[in-house]
Amino acid sequence: MLPVVVVHGGAGQIPKERSEMSTAGVCRAARAAYSILQGGGSSMDAVVEAVSLLENDPSFNAGCGSVLNVKGEVEMDAIVMDGKMLRSGAVSAVRNIANPVQLARLVMDKTSHACLTAEGANQFASAMGVPSVPQESLITEYSQMRWKKNLTPDADPVECQMGKMGTVGAVAVDGEGNISCATSTGGMLNKMEGRVGDTPCIGSGGYADNNIGAVSTTGHGEAIMKVTLARLILFHMEQGQSVEAASDLGLAYMRSRVHGLGGVVTVDPRGHWAVRFSSRQMSWAAAQKDTLHYGLYTGEHYTQSINAH
Amino acid sequence: MSAVVVVHGGAWAIPDELAEASVDGVKAAACEGFSVLKRGGCAVDAVEAAVKVMEDNIAFNAGHGAALNTDGEVALDAMIMDGSTLEGGAVSCVENIANPVSLARAVMEKTAHIMLTGRGANMFAKSIGFTTIPTESLLTEYERKEWEKNKNWVTGVKDDFKTQWSHDTVGAVAVDCAGNVACATSTGGIRNKMVGRVGDSPIIGCGGYADNFTGAVSCTGHGESILKVTLARLIISHIEQGKSVADASQLSLQYMGERVQGAGGAIAVSPSGEWAATFTSKRMAWAAVDSDVVWYGLEPNQRLKEQLAI
């Protein structure tokens with residue numbers, strides 16, 4: 001059953017013409033992460049690689065392709081967590097960085113802190129020699145078009161957010177049974193400057209514990225924070241629920257208690273995995289036992305050999 | 001239904017010279033929170049009022065008297081949560097604000113978001129006419145000296161905490177007569193923290209959590225350890241499983257000690273008015289007002305009481 005990696009490209013509802021690119025993107029990320037795991041790499045290396053690829057892919061709301069804040073700027077959030085030691089690293093409202101997930105990992109590995117924010121996160125990036133990239137390199141025509149559209153007074157950014165895939169993320173278990181998660185996002189469409197969503201908040205955007213499992217979440221960030229969705233799902237698993245049942249219980253609770261939609265990828269230490277979402281779509285892919293699994297709509301589950309292209 | 005307020009002034013090795021001021025400070029804060037409830041205020045009003053009293057008191061590391069970061073600046077974190085709706089508000093790394101807990105409440109009530117950080121949080125403060133104050137007015141001579149002493153100490157935070165010299169967070173939890181619970185937490189963070197460091201305090205589920213179906217919790221202690229175990233949410237989950245607030249707090253703090261070698265403290269209240277103040281650090285100043293009696297303590301297992309002055 002091990003190793004295994006599961007990635008998501010965000011919960012939401014995407015136009016048909018963009019759905020193929022999203023599916024191709026998550027499949028590519030899952031394949032790359034799986035090959036790291038097969039080569040003996042750690043689950044942390046695998047999830048950071050998967051999320052970095054999704055950040056570099058303009059189809060997703062993370063890194064290049066991030067949604068814009070109300071001022072038309074890119075501010076990004078990311079988290080990584082190592083389930084062995086419960087160590088984590090996060091950045092919030094960081095700018096001009098191509099791969100926030102890699103910066104989050106540096107926060108975990110190179111500081112005694114777990115989260116750095118805004119200018120402080122950028123100062124740390126330069127101290128670490130992480131190159132600063134021009135903001136334009138993170139902005140796509142599509143994200144600019146959607147930003148303008150949502151500046152109108154009657155726009156509903158939460159509703160419209162579901163019009164593009166949200167946050168990206170990954171969970172993995174490596175051959176040694178170590179579990180990790182990573183999540184990265186451009187946040188919410190036309191958010192206020194400085195808005196921090198669920199993604200960099202441990203227990204909301206993700207959580208990993210070798211004794212229980214790992215979750216990476218996506219969806220309406222404020223709703224996810226209210227129920228600390230990742231930790232909630234893991235509590236259900238601690239109580240003996242399966243990865244599917246625990247994920248469904250967490251998402252159903254979020255829907256009934258705070259009327260929020262979202263999606264999750266979940267693994268347990270034995271390599272059981274689940275992809276669940278209450279939104280209309282979530283692009284996802286998983287790799288296990290040389291098989292690639294992927295889908296987009298509820299109930300959709302395709303498989304092919306990991307080596308087929 | 002009886003109204004209860006519990007507050008803490010941080011779990012750490014409070015030095016003797018700060019002991020009396022800390023105990024007096026938490027008692028004053030708990031009494032202020034309770035008087036808000038008595039006048040018909042809700043749980044959110046009470047926790048905000050109690051935390052403001054401690055932010056304004058230089059004996060505590062929040063608002064006035066906050067610890068300085070490596071650049072010698074004051075950057076504050078705070079959160080508030082309403083257990084009736086699970087609505088939350090938080091600010092991280094905000095500067096020039098005397099009462100970050102009130103700004104966190106404004107984020108909860110006046111925006112579609114839960115958390116604002118850095119310059120964005122300060123811009124929001126300005127846009128709603130929130131009073132800003134010069135950094136110098138938040139600085140105390142005591143904290144400036146500590147900063148001078150430590151500023152070349154690269155090994156930093158973890159060693160600092162191990163010497164039990166980490167100055168910490170304030171917080172409050174309350175249940176009002178209608179059975180609504182709320183929590184609030186506010187801090188200046190760890191001494192000589194990196195610029196932009198965000199600890200547990202503003203993170204929902206770590207620095208605090210409130211849910212009318214289970215209870216409310218506010219945490220303090222080594223921030224990075226609290227984050228690792230999402231301490232507030234962990235305590236709430238034990239309450240959900242049927243544990244008393246005291247057992248839930250004890251179990252969770254014990255887990256934090258065993259799993260990630262972190263010390264800390266928590267205050268918790270249930271919707272029925274059961275409450276607890278628990279810590280694994282050397283000391284934690286805490287106070288509770290329950291049925292016109294003030295309970296308070298500083299040392300482990302210390303539980304003093306006096307009649308509420310009316």
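In this text the structure is predicted, and so the values were computed from the model without any measurement. (Residues numbered from 1 in each chain as written. Chains lettered and ligands numbered in written order. Predicted model: local features only at pLDDT ≥ 70, side-chain atom pairs only at ≥ 80, totals over all residues. Heavy atoms only, no water.)

Engineer: Sorry, what's going on with the packing of aromatic side chains here?
Structural biologist: What characterises a pair of aromatic rings is the spacing of the ring centres plus the angle enclosed by the ring planes. A full pass over the atoms with the stated rule returns four aromatic pairs over all chains. Judged by centre distance (5.4 Å) and plane angle (35 degrees), the ring pair of Tyr294(A) and Tyr302(A) falls under tilted. Here Tyr302(A) falls in the partly exposed class, since its relative accessible area comes to 42%. Seen in terms of ring centroids, Trp275(B) and Trp286(B) are 5.8 Å apart; in terms of plane orientation they differ by 50 degrees. Their pairing is tilted. With Trp275(B) in strand β10 (residues 275–279) and Trp286(B) in strand β11 (residues 283–290), the pair connects residues that are 11 residues apart, well separated along the chain. Each member of the pair, Trp275(B) as well as Trp286(B), is classed as buried. Here a set of aromatic residues connected by ring pairs shows up, and it is made of Trp275(B), Trp286(B) and Trp295(B). The ring of Tyr209(B) has Arg233(B) lying over it, and the distance from NZ or CZ to the ring centre is 5.2 Å. Just above the ring of Trp295(B) sits the side chain of Arg303(B); from NZ or CZ to the centre is 4.7 Å. (Phe/Tyr/Trp six-rings, centres within 6.5 Å; stacked < 30°, edge-to-face > 60°. Buried < 20%, exposed > 50% of the residue type's maximum accessible area, 1.4 Å probe, protein only. Helix = DSSP H or I, 4+ residues; strand = E, 2+ residues; numbered from the N terminus. Lys NZ or Arg CZ within 6 Å of the ring centre and 35° of its normal.)

Engineer: Sorry if this is basic, but what is going on with the pattern of salt bridges here?
Structural biologist: Pairing is possible between side chains that carry opposite charge, provided their charged atoms lie close to one another. Residues and elements named next belong to chain B. All chains considered together, the criterion is met by 26 salt bridges over all chains. Salt-bridge contacts for Glu306 lead to Lys27; the nearest nitrogen and oxygen are separated by 3.4 Å. One end of the pair, Glu306, is in strand β13 (residues 304–307); the other, Lys27, is in helix α1 (residues 16–38), and 279 residues separate them in sequence. Owing to a relative accessible area of 16%, Lys27 belongs among the buried residues under this scheme. Put simply, Arg105 and Glu48 hold a salt bridge, and the shortest N to O gap is 2.7 Å. Of this pair, Arg105 sits in helix α3 (residues 100–110) while Glu48 sits in helix α2 (residues 43–55); the two residues are 57 residues apart in sequence, bridging distant segments of the chain. For Arg105, a relative accessible area of 13% translates into the label buried. (Salt bridge = Lys/Arg side-chain N within 4 Å of Asp/Glu carboxyl O.)

Engineer: What exactly am I supposed to notice about the pairing of strand β8 (residues 206–209) of chain A here?
Structural biologist: Regular strands show a simple pattern: their side chains alternate between the two faces of the sheet. Residue and element names in this part refer to chain A. Alternating positions in β8 separate into two faces, Gly206 and Ala208 on one and Tyr207 and Asp209 on the other, with burial throughout. Direction of pairing for β8 relative to strand β9 (residues 213–219): antiparallel, over a ladder of four bridges. Bridged to Asp209 within β9 is Gly213. Hairpin geometry of β8 and β9 is characterised by an intervening segment of three residues between the two adjacent antiparallel strands. (Pairing = 2+ DSSP bridges.)

Engineer: Just checking my understanding: could you explain the UniProt feature "binding site: substrate" (unreviewed entry) in chain A for this structure?
Structural biologist: Feature annotation in UniProt assigns "binding site: substrate" (unreviewed entry) to the following positions: Arg195(A), Val196(A), Gly197(A), Asp198(A), Thr218(A), Gly219(A), His220(A) and Gly221(A). Checking the annotated residues one by one, the ones that line the second largest cavity turn out to be Val196(A). Structurally, Arg195(A) is set in strand β7 (residues 195–196). Relative accessible area serves as the criterion here: at 3%, Arg195(A) is assigned to the buried category. Not counting residues up to four positions away in its chain, the partners in contact with Arg195(A) are Glu75(A), Asp77(A), Gly187(A), Met188(A), Gly221(A), Glu222(A), His113(B), Met115(B) and Leu116(B). Within the secondary structure, Val196(A) is located in strand β7. If we skip the residues at most four places from it in the chain, Val196(A) touches Asp77(A), Ser92(A), Met225(A), Met115(B) and Thr117(B). (UniProt positions renumbered as here; feature names shortened; annotations may be inferred. 1 Å grid on protein atoms, 1.4 Å probe; cavity = no way out; pocket = protein on both sides within 12 Å on 5 of 7 lines; lining within 4 Å. Contact = heavy atoms within 4.5 Å.)

Engineer: Is there a simple way to think about the sheet that holds β7(A) in this case?
Structural biologist: The 10 strands lie next to each other as β7(A)-β4(B)-β3(B)-β2(B)-β6(B)-β5(B)-β1(B)-β11(B)-β12(B)-β13(B), forming an open sheet whose pairing is mixed. Each having just a single partner strand, β7 of chain A together with β13 of chain B make up the two edges of the open sheet. In the sheet, strand β12 (residues 293–297) of chain B pairs with β13(B) via four bridges, with the strands oriented antiparallel. Residue pairing in the sheet places Tyr296(B) in a bridge with Leu304(B) of β13(B). On the sheet, α2(B) packs against β1 (4–12), β2 (76–82), β5 (170–175) and β6 (181–187) of chain B and is oriented at approximately 155 degrees with respect to β5(B). (Axes fitted to C-alpha atoms, helices over the stretch in contact; angles between N-to-C directions.)

Engineer: What am I meant to see in the environment of Glu224(B) here?
Structural biologist: All names here are of chain B. Note that Glu224 resides in helix α7 (residues 223–229). Look at Glu224 and you get buried, because its relative accessible area is 4%. C-alpha of Glu224 to C-alpha of Thr117: the two residues are 107 residues apart in sequence and 18 Å apart in space. There is a polar contact of 2.9 Å between the side chain of Glu224 and the side chain of Arg197. (Polar contact = N/O pair within 3.5 Å; in protein donor to acceptor, adjacent residues only side chain to side chain.)

Engineer: Please explain the sheet that holds strand β9 (residues 264–269) of chain B as it appears in this structure.
Structural biologist: Strand pairing in a sheet relies on backbone hydrogen bonds. The paired strands run either parallel or antiparallel. Residues and elements named next belong to chain B. Strand order across the open sheet formed by four strands is β7-β8-β9-β10, with antiparallel pairing between neighbours. Pairing within the sheet leaves two strands with one partner each, and these edge strands are β7 (208–211) and β10. Across the sheet, the mean angle separating the axes of adjacent strands is 10 degrees when strand polarity is ignored. Where strand β8 (residues 215–221) meets β9, six bridges bridge the pair, whose relative direction is antiparallel. The partner of Gly221 across the bridge, within β9, is Gly264. Of the strands in this sheet, β7, β8 and β9 touch helix α8 (residues 231–240), which is tilted by about 140 degrees from β8. Seen against the sheet, helix α9 (residues 245–260) touches β9 and β10 and runs at an angle of roughly 20 degrees to β10.

Engineer: Whenever I open this one, the interface of chain B and chain A confuses me. Can you help?
Structural biologist: Note on interface size: it is often stated as the accessible area lost on association of the parts. With 46 residues of chain B at the interface, the matching set in chain A holds 47 residues. For the interface between chain B and chain A, the tally reads five salt bridges. Between Glu193(A) and Arg119(B) there is a salt bridge, and its shortest N-O distance comes to 2.8 Å. Along the contact surface separating chain B from chain A lie 18 residue pairs in polar contact (both at pLDDT 80 or more). Elements represented by at least two residues in the side of chain B that touches chain A include exactly β3 (87–94), β4 (115–117), α4 (118–127), β7, α7, α8 and α9 of chain B. With two bridges connecting them, β7(A) and β4(B) associate as antiparallel partners. In the sheet register, Val196(A) faces β4(B), and the bridge partner there is Met115(B).

Engineer: Before we go on, may I ask you to explain the UniProt feature "binding site: substrate" (unreviewed entry) in chain B in this structure?
Structural biologist: Here the UniProt feature "binding site: substrate" (unreviewed entry) sits at Arg197(B), Val198(B), Gly199(B), Asp200(B), Thr220(B), Gly221(B), His222(B) and Gly223(B). Looking only at the residues we just named, the second largest cavity is lined by Val198(B) and Gly199(B). With respect to the element layout, Val198(B) can be found in the loop between β6 and β7. Beyond its immediate sequence surroundings of up to four residues, Val198(B) is in contact with Cys115(A), Thr117(A), Asp77(B), Ser92(B) and Ile203(B).

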